[in-house]
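Residue-level structure breakdown
What follows is each chain in one-letter form.
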Amino acid sequence: MNEPNPVVSGTGLQKAAQTLVLPIEGMSCASCVRRVEMALGKVPGVASVNVNLATERATVTLAEPLETQQLVQAVQKMGYDVPESTVVLQVDEMSCASCVGRVERALKAVPGVRSASVNLATERATVSGLAPVAALLAAAEKAGYPARVVDGGEDAGAAPGAAGEGADAHGGGVSREAGAHSVVDRKAAEQQALWRDLWLAAALALPVFLLEMGGHMVPAFHHWVAHTIGTQNSWYLQFVLTTLVLFVPGLRFYRKGIPALLRGAPDMNSLVAVGTLAAWGFSTVATFLPSVLPAGSVNVYFESAAVIVVLILVGRFLEARAKGRTSEAIQRLAGLQARTAHVRRDGQVVDVPLAQVRAQDVVEVRPGERVPVDGEVIEGDSYVDESMITGEPVPVAKTAGSPVVGGTVNQTGAFTLRATAVGGQTVLAQIIRMVEQAQGSKLPIQTLVDRVTMWFVPAVMTAALITFVIWMVFGPTPALGFALVNAVAVLIIACPCAMGLATPTSIMVGIGRGAELGVLFRKGEALQLLKDAKVVAVDKTGTLTEGRPALTDLEVRPGFERATVLAQVAALESRSEHPIARALVAAAEAEGLALPAVQDFESLTGLGVHARVQDSSKVGTDSAEPAGVPVAVGADRYMQSLGVDVSPFAEVAQRLGCEGKSPLYVAVDGKLAAIVAVSDPIKVTTPAAIAALHAQGLKVAMITGDNARTAQAIARKLGIDEVVAEVLPAGKVEAVKRLQATHGALAYVGDGINDAPALAQAEVGMAIGTGTDVAIEAADVVLMSGNLQGVAKAIGLSRATIRNIHENLFWAFAYNTALIPLAAGALYPAFGILLSPMLGAGAMALSSVFVLGNALRLRHFGRGENA
């Protein structure tokens, strides 16, 4: 969670004499403080203002009610900003899709809320805006759904910001794991309570069912009851047992359903409460006051009320257990953290809890242990199983200088690392955070479902009322009995649980499975959008290739010495961070060349570099030649801009391009001196990845800054469908737009800073996890392994998840559409068939269990036929 909004409690319309605290961004000096104070002081209703530059907060005392947004606008008019916050709330007691709609509506009604998204499967609400946290909690409570703030992965029952404060500095990772366990414990306690209530309800309801239904099914048993216990005594016994079922294990339905009904916002608990109370109430009257009922209608339906509660508890229990399994991916990720670390301190190795490991600590990792924190190997070597991060099963060699990730498993060797990231800053903690956020997101497909289900429960209650009236007016004798039974059947069978669970459970399981495969969906929307991709556009360097070019060719023109030119080029390129530059520097160092001094270095992105380089013959002397020789290195288009003719190397350049190498030209003192070629080896996994994308019916395009000849050579080798070459970084967005116009929806895969705009332009941006932070932040999906095969996995998972959602929605809606008329008695006139409320309760429970079970199938994606 971002920093909680510090605005104090109350609604957006503040009460007199309240104090608000607003975060202010952009202040730099005392005059800024004065401007903000003056701006806020002029807002009608403000009594006093105190702005603190150090804390960047404004404390505002109100004399009369006003909208928080008025204060925000006053600050913004002065050129400063009041940052929004994102708050995650754990919302209790939601049971169906209509609950989701009501909670969202209540939260969005709080002034200052920009967006609110509620997820039934995770039971969480994500709220963005400027609304006070206390106001959000109050709004949820008023709607009938108690809520509390969640901090990261940890339930925070205290005030926002209090839970886990400072945890990220040292032990945020452990806090997150503890939070995950607290959620698991709460879910386990909920399941245990449901299991206990289910068994109690079943034990009490069984005699009721046998006494009533046994007599209907076996006439001899009916006569036996009548002549031994007696019919009236049997009804008395059923009344006692059913009352215990309804008001002990079944009390949960009335505690939630009745208040919701009284608020005019009925939910599934209301349906169950009204249905069972109607059956129980009618039966109670028939038992104790039969004379008030019409002749021929005296009968009892205790068994329906009792068995309905049992069957719905069965459904609830199975649902709770299945929902617990949907979050197994998060639980497994949280469980990957080590408990302790072997840290060198004061000349000794001590075992300390993970929460006490600090950045720059030296940590020993022994054979078979989990790496406790992110770090860099400084001693020893080993192989590390990184499958939990990348999804790749092959262990990775680690030597001095190699990065290691907390949570991965060391194999047979031993090594020592220096901690570079701990707590909430580790890769594992960030993965868990991303997965949690994505799992809690709402796909566009859910919008229609929410609109339908918001009005579904009131519509069902209306349908039940209409059913009751029709049977009372047109039904056979006893009309009251038929009307009651069919109305109750409609109420019970039409619960929208399955509708509410259809989308979020599939999202949770799908995104969790993706994390296990090394595919992180940073944004849940990408899960839906990715399935529509028609073309996959890929950057070349670092995506198709290893991103580690090596010098393969260097030819000089007459009058130039190879070693001198290479030293000059390496000196120039030593100032650049480009992979090709590093290859040239490495080649010079490998030949033992001394690099001359460089002045006036300038890099022209996408073209080349130039500088003045000291004459190499004077390296190491006392000569103080200030200017040096102008040297330029770059592509042919850069040489043309400098007026350098590259035609002497035309044949060589053509040969190199056909070999898939990138030719660069060197100009010394304005004259063409040499042609240099580097080759970036293609990743061994790339051909299979391209083939997998083609098998999915996708076109593959390559966007690269390389010259067209080199790009076409690589494309032919890999079977790439379309090439966009010689593209400057600024032109990648235009290239993406052209591909979108030609082919349709596009997924872009890149790893560099210059890929960030293209990643943002594409319908779905996919960043190689081994790339830059900027690219990862701009992307919707992160491929942790750096393996392009993750693209095919992500697209396959997207298609499987959306297909799974469609299956769930079809089942949920088709079930209700088909069975409500049957419950109302549509088949009775023609076939004499009525749907018992008990069968309705069983079908309702089966509906939710089916949807959850179908969603859980996604856990097996990638194991066999879906791979």
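Residues numbered from 1 in each chain as written. Predicted model: local features only at pLDDT ≥ 70, side-chain atom pairs only at ≥ 80, totals over all residues. Heavy atoms only, no water.

**Side note on the overall build of the protein**
When you go through the protein residue by residue, the secondary structure sums to 32 helices and 29 strands. In the protein, the proportion of contacts linking residues at least 24 apart, taken out of those at least 6 apart, comes to 69%. Within the structure as shown, the protein displays about 35,600 Å² of accessible surface, and the carbon and sulfur contribution to it stands at 58%. (Helix = DSSP H or I, 4+ residues; strand = E, 2+ residues; numbered from the N terminus. Contact = heavy atoms within 4.5 Å. Areas by Shrake-Rupley, 256 points an atom, 1.4 Å probe, with all protein chains shown as cover.)

**Notes on the sheet that holds strand β2 (residues 46-52)**
Reading across from one edge, β1-β3-β2 is the order of the three strands in this open sheet, with antiparallel pairing throughout. Unpaired on one side and paired on the other, β1 (19-23) and β2 mark the two borders of the sheet. Neighbour to neighbour, the strand axes of the sheet diverge by 20 degrees on average, direction disregarded. Pairing geometry for β1 and strand β3 (residues 57-62), over five bridges, is antiparallel. Bridging across to β3, L20 finds its partner in V60. Relative to β2, helix α1 (residues 30-41) is tilted by about 160 degrees, and along the sheet it contacts β2 and β3. The sheet contacts of helix α2 (residues 68-77) involve β1, β2 and β3, and relative to β1 the element is tilted by about 40 degrees. (Pairing = 2+ DSSP bridges. Axes fitted to C-alpha atoms, helices over the stretch in contact; angles between N-to-C directions.)

**What to know about helix α8 (residues 231-247)**
Taking 1.5 Å per residue as the helical rise, α8 with its 17 residues ought to reach 24 Å, and the 24 Å between its terminal C-alpha atoms agrees with that figure. Buried within α8 we find S234, W235, Q238, F239, L241, T242, V245 and L246. (Expected span 1.5 Å × (residues − 1). Buried < 20%, exposed > 50% of the residue type's maximum accessible area, 1.4 Å probe, protein only.)

**Topic: the pairing of strand β9 (residues 340-345)**
Within a regular beta strand, the side chains point alternately toward one face of the sheet and then the other, so they alternate between its two faces. Across six bridges, the pairing between β9 and strand β10 (residues 348-353) is antiparallel. Residue pairing for β10: A341 is matched across the bridge by V352. With antiparallel pairing between neighbouring strands as the criterion, β9 and β10 make up a hairpin whose turn holds two residues, including D346 at a positive phi of roughly 55 degrees. Here three bridges tie β9 to strand β11 (residues 362-365), and the two strands are oriented antiparallel to one another.

**Side note on the nonpolar core**
In terms of nonpolar packing, the biggest core is built from 143 residues, with F521 and M766 touching the most fellow members. By residue number, the principal contributor to this core is helix α30 (residues 789-823), which donates 13 residues. Not counting the four nearest positions on each side in its chain, M766 is found in contact with L530, A747, Y748, V749, G750, L759, A779, V781, L783, V791 and A794. Counting residues in each nonpolar core, the second largest holds 25 residues, with L572, V598, A673 and V678 among its members. (Core = buried A, V, L, I, M, F, W, Y, C linked by side-chain atoms within 4.5 Å.)

**Considerations on the UniProt feature "transmembrane region" (unreviewed entry) in the protein**
Within the UniProt annotation, "transmembrane region" (unreviewed entry) is assigned to residues 198-215, 235-251, 271-293, 299-318, 452-474, 480-503, 809-828 and 834-856. Across residues 299-318, helical content stands at 85% and strand content at 0%; the span's end C-alpha atoms are separated by 33 Å. (UniProt positions renumbered as here; feature names shortened; annotations may be inferred.)

**Considering the sheet that holds strand β29 (residues 781-783)**
Each strand in a sheet pairs with its neighbour through backbone hydrogen bonds, running either in the same direction (parallel) or in the opposite one (antiparallel). The seven strands are arranged β17-β29-β28-β27-β18-β25-β26 in an open sheet whose pairing can be described as mixed. A single partner strand is all that each edge strand has here, and the edge strands are β17 (519-521) and β26 (722-724). Each strand axis lies, on average, 20 degrees off the axis of its neighbour in the sheet, ignoring direction.

**Topic: the side chain of E104**
Positionally, E104 belongs in helix α3 (residues 97-108). Its relative accessible area of 8% is what places E104 among the buried residues. Looking at E104, its side chain comes within polar contact range of the main-chain nitrogen of V118, at 2.9 Å. (Polar contact = N/O pair within 3.5 Å; in protein donor to acceptor, adjacent residues only side chain to side chain.)

**Some points on the packing of helix α10 (residues 268-288) against helix α17 (residues 479-493)**
Direction vectors running N to C along α10 and α17 enclose 160 degrees, while the axes themselves pass 8 Å from each other. Taken together, the axes of α10 and α17 are roughly antiparallel relative to one another. The handedness of the crossing between α10 and α17 is left-handed. When α10 is examined against α17, the residues L271, V272, V274, G275, A278, A279 and F282 are found in contact with a partner set consisting of L480, L484, V488, L491 and I492. Grouping the constituent residues of the contact of α10 with α17 by class yields 11 nonpolar, one polar and no charged. (Parallel < 35°, antiparallel > 145°, perpendicular 65-115°, else oblique. Left-handed = near helix turned anticlockwise from the far one by under 90°. Nonpolar A, V, L, I, M, F, W, Y, C, P; charged D, E, K, R; others polar.)

**Comments concerning the pairing of strand β21 (residues 608-613)**
Both strand β20 (residues 598-604) and β21 contribute to a ladder of five bridges, which runs antiparallel. When the bridges of β21 are listed, S603 appears paired with V609. Here β21 pairs with strand β22 (residues 629-634) via six bridges, running antiparallel. The residue of β22 that forms the bridge with G608 is G634.

**Overview of the environment of G862**
Within the secondary structure, G862 sits in the segment after α32 (837-856). The class for G862 is partly exposed, based on a relative accessible area of 26%. For the pair G862 and G796, spaced 66 residues apart in sequence, the C-alpha separation works out to 8.7 Å.

**Side note on the packing of helix α25 (residues 686-695) against α30**
Two quantities define a packed helix pair, namely the angle between the axes and the distance from one axis to the other. As a packed pair, α25 and α30 sit with axes 7 Å apart at the nearest point and diverge in direction by 25 degrees. In this view, α25 runs roughly parallel relative to α30, as classed from their interaxial angle. α30 is crossed by α25, and the crossing has left-handed handedness. Of the residues in α30, those in contact with A688, A689, A692 and L693 of α25 are Q789, V791, A792 and I795.

**A few points about the side chain of Q740**
Within the fold, Q740 resides in helix α27 (residues 732-743). A polar side-chain atom of Q740 sits 3.1 Å from a polar atom in the side chain of Q761.

**Thoughts on the packing of aromatic side chains**
Two measures describe an aromatic ring pair: the distance that separates the ring centres and the angle between the ring planes. In total, this model carries 12 aromatic pairs according to the counting rule given. Between F247 and W280 the ring centres are 5.5 Å apart and the planes differ by 80 degrees, which places this aromatic pair in the edge-to-face class. In this pair, F247 is assigned in helix α8 and W280 in helix α10, connecting sequence segments 33 residues apart. (Phe/Tyr/Trp six-rings, centres within 6.5 Å; stacked < 30°, edge-to-face > 60°.)

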